[in-house]
Amino acid sequence: MLTKKQHELISFIQHRLEETGISPSFEEMKDALDLKSKSGVHRLVSALEERGFIRRLPNRARALEVLKLPDAIVKSADTLKTASSGASISNIAGAKASANMHADNDVMEIPLHGRIAAGVPIEAIEGQSALSVPSALLGSGEHYALEVSGDSMIEAGILDGDFALIKRANTARDGEIIVALVRGEEATLKYLRREDQMVRLDPANPAYEPQTYRSDEVEVQGKLAGLLRRYH
């Protein structure tokens, strides 16, 4: 039997994977479980890994895969799936079913707007090319793609050369990964944090410092919806 915190953590990891396709960072896990430090997250992750519930993916910074779920979560998902005369509703298991409704060859083209910095902000270049994306990776709403430049988000599983799939939005919650337009000139991909009248853009790499701006200097232009990666 898992402890309460272990149960909460694997539920949070699974929910984030189903929602975005990206495992949460240790900082996000710390905040979600209301822990005082990331060392507590490390202990919980190690315990879940030792018991065969999760594994760390090789060659990806702190990327996690859920191998199995506790019986309580599985039973809860099964109950939800059979509710309302067997109608499918939104839940952990249902999210996979929804994604699988798209055929493997069902793709759509979205605008590819140049490169976005995952490091020091660089100019966001508007391009006229398009990127073919499996429909299963995109939810509702309008999307566009940006090629990632830099390594400041590696602990969120976002690598240099990846294609970030962005859902257009002008608002976001604290802790979400956003495209932030800084001072109307530069764009960057970072975690959003608000502090009083200031906005802090947090990296997912200890080699980089957070960037703090006045709230009127930062414009949310979208939220991370998924990633595409090419292997050479």
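Residues numbered from 1 in each chain as written. Predicted model: local features only at pLDDT ≥ 70, side-chain atom pairs only at ≥ 80, totals over all residues. Heavy atoms only, no water.

Even without glycine at this site, D34 takes up a positive phi of about 55 degrees. Inspection of the secondary structure assignment puts D34 in the loop between α2 (26-32) and α3 (38-50). Accessibility expressed as a relative area gives 68% for D34, which makes it exposed. One non-glycine residue, R183, lies in positive phi territory at about 55 degrees. Within the element layout of this structure, R183 appears in the loop between β8 (177-182) and β9 (186-195). (Helix = DSSP H or I, 4+ residues; strand = E, 2+ residues; numbered from the N terminus. Buried < 20%, exposed > 50% of the residue type's maximum accessible area, 1.4 Å probe, protein only.)

Looking at the protein as a whole, the pLDDT averages 78, with 77% of positions reaching at least 70. The secondary structure element of the protein with the lowest average pLDDT is helix α5 (residues 92-100), at 35, and the one with the highest is strand β10 (residues 198-202), at 95. Within the model, the stretch residues 75-105 combines pLDDT values under 50 with 21 contacts to residues more than four positions away or in other chains. (pLDDT = per-residue confidence, 0-100. Contact = heavy atoms within 4.5 Å.)

Right, let's get into α3. Taking 1.5 Å of rise per residue, 13 residues should cover 18 Å, and α3 covers 18 Å from first to last C-alpha, within 8% of that figure. Burial in α3 covers these residues: G40, V41, L44, V45, A47 and L48. For α3, the angular spread of buried residues about the axis comes to 160 degrees, placing them on one side. Opposite its buried face, α3 presents the exposed residues R43 and E50, each directed more than 90 degrees away. Buried positions along α3 lie against α1 (4-20), α2, β1 (54-56) and β2 (64-66). Directly after α3, the chain includes G52, whose backbone phi takes a positive value near 80 degrees. (Expected span 1.5 Å × (residues − 1). Arc of directions from axis to C-beta.)

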